[in-house]
Amino acid sequence: MLSLALAGKPNAGKSTFYTAATMADVEVGNYPFTTIDANRGVSYARTDCPCQDRDSQCDSDNCQDGKRYVPVDLFDVAGLVPGAHEGRGLGNQFLDQLTDADAIVHVVDAAGATNAEGEPVEVGEHDPVEDVDFIETEMDQWLAAIVSRNWESIERQSRSPDFDIDDALAEMLTGIGATETDVARVLRDLEYPDDPREWADEHRTRLASDIRAETKPQIVVANKADIAPEENIERLREAAERVLPATADGELALRRAAEAGVIDYDPGDDDFDIAGDVSDQQREGLEQIRTVMTEYAGTGIQQALDTVVYDLLDHITAYPVEDDTHWTDAQGRMLPDAHLLPDGSTPVDLAYAVHSDIGDGYIHAVDAREGRRISDDHELAEGDVVKIVSDAN
Ligand SMILES: Nc1nc2c(ncn2[C@@H]2O[C@H](COP(=O)(O)OP(=O)(O)OP(=O)(O)O)[C@@H](O)[C@H]2O)c(=O)[nH]1
Ligand SMILES: [Mg+2]
């Protein structure tokens, strides 16, 4: 499963985001370092379910009126402060937790209501643009330190006659979560000596930074949009490539209200309806959230998750079925499963995502929308419904 890490300064709203996005109970507090252990849970990316193209509603619990929620791992990391790689704040053990993250959701307090250390200040007192780059800087330095620590061992290996610098680097870097493809891609664009003894610090720093950029892409969540000066959001948008204005607090309130039956709202909707009895005070609170949603087409929480999965990580959703006419599994359930796959994936990749035995036994695949066989190297598209014929079935 894809794994997304919520990172950022203390008090930016990571745990609130996490709680809203997973509906788990974790501690939220207006003081730095509320979270100490990483919280892990399941959240969802939202997409259009293929059942919308049919008359019937599918049988998945993860589909609400054609809104399909596809699971991803989400984890809430303790707050990081500048200097974390040297042990400042709660230190660098939390950077280690980023090792298995496919992407970083960087939660920034766009209201500027917390200083660089995450301590509360007046709204607008701190400039959130200053917070944008520090996570990347910390990750770069943390990675550079890992590379430096391993260097002696690489130099030792280089005395062996069959030493290959690329293999040695790949072995080291896959240990911190990079795939061989990531490493190959980074090394292709980098100039460096074949002999590790000739490497300078600049080579190692550059390698660390390039590997980080390749393996830990980030989006910026401009949180606390409900109280943030609009100008801050605009400046954040200029400072980073992907910036999603959001209110984690607002999303949490909506999900709780929806769970209590007070409103009709599905995560990612750009509006909600009040359905139950509410006090004047509740109504006022809800209407305040609605104002933010009107401005930014939603609370931004679901939109942030969707942007990471479908845009930043460039994934598609594919739906394996056993019956290509009814789009059902062996039990007759329509569209029971959805898989997120990197863009460019083939039916064989989908088969392996379902189960390694299904992948090993792969014979051919059928595009269930078109009712025709597709080749093994056919590139799947968003929303494809695919029957896989495998001798492991
Ligand atoms: N106004 C406003 N406040 C928010 C929003 N999201 C979170 N907060 C508040 O910000 C404070 C910090 O929230 P947390 O979720 O605990 O922050 P955190 O980033 O997990 O903090 P640490 O665990 O200390 O690193 C709490 O008082 C939240 O209620 C929001 O969208 N708007
Ligand atoms: Mg927290």
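This is a predicted model, so every value here is computed, not measured.

1. Side note on the overall build of the protein chain
The helix and strand tally for the protein chain stands at 12 helices and 14 strands. What you see for the protein chain is a C-alpha radius of gyration of 23 Å, in line with the 21 Å of a compact globule of 393 residues. Overall, the C-alpha framework of the protein chain stretches about 75 × 65 × 35 Å when taken along its three principal axes. Counting the 393 residues in the protein chain, one finds 52% classified as buried. Of the contacts made within the protein chain by residues no fewer than 6 positions apart, 66% connect residues no fewer than 24 positions apart. Carbon and sulfur atoms make up 41% of the accessible area of the protein chain, which amounts to about 18,200 Å² in all.

2. Notes on the packing of helix α5 (residues 180-188) against helix α6 (residues 201-215)
At a minimum axis separation of 10 Å, α5 and α6 run at an interaxial angle of 130°. As far as their axial angle goes, α6 and α5 are oblique. Here α5 and α6 pass one another in a crossing that is right-handed. Residues D182, V183, R185, V186 and L187 of α5 pack against L207, D210, I211, E214 and T215 of α6. Classifying every residue of the contact of α5 with α6 by side-chain character gives 5 nonpolar, 1 polar and 4 charged.

3. Concerning a negative patch on the surface
On the surface, a cluster of negative charge is made up of D164, D166, D167, E171, E180, D194 and E198. With 3 residues, the single largest contributor to the negative patch is helix α4 (residues 165-174). Looking at the element boundaries, D164 is found in the loop between α3 (134-157) and α4.

4. Regarding the sheet that holds strand β13 (residues 372-374)
The strands that make up a sheet are held in pairs by hydrogen bonds between backbone atoms, and each pair lies either parallel or antiparallel. Reading across the sheet, the 5 strands line up as β11-β10-β14-β12-β13 and stay open at both edges, with mixed pairing between neighbours. Looking at the sheet topology across the chains shown, the edges are occupied by β11 (339-342) and β13. Across the sheet, the mean angle separating the axes of adjacent strands is 45° when strand polarity is ignored. Bridging between strand β10 (residues 315-321) and β11 involves 4 bridges; their strand directions are antiparallel. If you follow T317 over to β11, its bridge partner there is L340.

5. Quick notes on the domain arrangement of the protein chain
When the parts of a complex come together, some accessible area is lost, and that lost area is often taken as the interface size. Annotation of the protein chain at the domain level lists domain 1 (3-132 + 217-309), domain 2 (138-211) and domain 3 (317-390). When domain 1 packs against domain 2, the two sides together hide about 700 Å² of surface, and 66% of this comes from carbon and sulfur. When the buried surface of domain 1 facing domain 2 is broken down by residue, H85, L95 and T99 rank first, second and third, together holding 64% of it. Taken together, domain 1 and domain 2 are joined by 0 salt bridges. In terms of residue class, the side of domain 1 that touches domain 2 is built from 6 nonpolar, 4 polar and 1 charged.

6. Concerning the layout of surface pockets
In this structure, the largest pocket encloses a volume near 510 Å³. Listing elements by their share of the lining of the largest pocket, those giving two or more residues are α5 and α6. No other element matches the 3 residues that α5 contributes to the lining of the largest pocket. Class assignment of the residues belonging to the lining of the largest pocket gives a composition of 6 nonpolar, 6 polar and 8 charged. Both of domain 1 (3-132 + 217-309) and domain 2 (138-211) provide at least three residues apiece to the lining of the largest pocket.

7. Some remarks on the pairing of strand β4 (residues 67-76)
The buried fraction of β4 is high, at 8 of 10 residues. Judged from the 4 bridges that link them, strand β1 (residues 3-7) and β4 form a sheet pairing that is parallel. The partner of L6 across the bridge, within β4, is D76. Where strand β2 (residues 39-48) and β4 come together, 10 bridges link them in antiparallel fashion. Within the sheet, the bridge partner assigned to R40 lies in β4 and is F75. Bridge count between strand β3 (residues 63-64) and β4: 2 bridges; the pairing is antiparallel. Its bridge partner lying in β4, C63 is registered against R68.

Rules used throughout
Residues numbered from 1 in each chain as written. Chains lettered and ligands numbered in written order. Predicted model: local features only at pLDDT ≥ 70, side-chain atom pairs only at ≥ 80, totals over all residues. Heavy atoms only, no water. Helix = DSSP H or I, 4+ residues; strand = E, 2+ residues; numbered from the N terminus. Rg over C-alpha atoms; globule rule 2.2 N^0.38 Å. Buried < 20%, exposed > 50% of the residue type's maximum accessible area, 1.4 Å probe, protein only. Contact = heavy atoms within 4.5 Å. Areas by Shrake-Rupley, 256 points an atom, 1.4 Å probe, with all protein chains shown as cover. Axes fitted to C-alpha atoms, helices over the stretch in contact; angles between N-to-C directions. Parallel < 35°, antiparallel > 145°, perpendicular 65-115°, else oblique. Left-handed = near helix turned anticlockwise from the far one by under 90°. Nonpolar A, V, L, I, M, F, W, Y, C, P; charged D, E, K, R; others polar. Patch = residues over 30% accessible without salt bridge, like charges linked within 9 Å, V, L, I, M, F, W, Y side chains within 5 Å. Salt bridge = Lys/Arg side-chain N within 4 Å of Asp/Glu carboxyl O. Lys, Arg positive; Asp, Glu negative; His and termini not counted. Charge placed at Lys NZ, Arg CZ, Asp CG, Glu CD. Pairing = 2+ DSSP bridges. Domains from an automatic or database assignment. Buried area = accessible area lost by both parts, 1.4 Å probe. 1 Å grid on protein atoms, 1.4 Å probe; cavity = no way out; pocket = protein on both sides within 12 Å on 5 of 7 lines; lining within 4 Å. Points joined across faces, edges and corners; volume = space filled by probe spheres on them.

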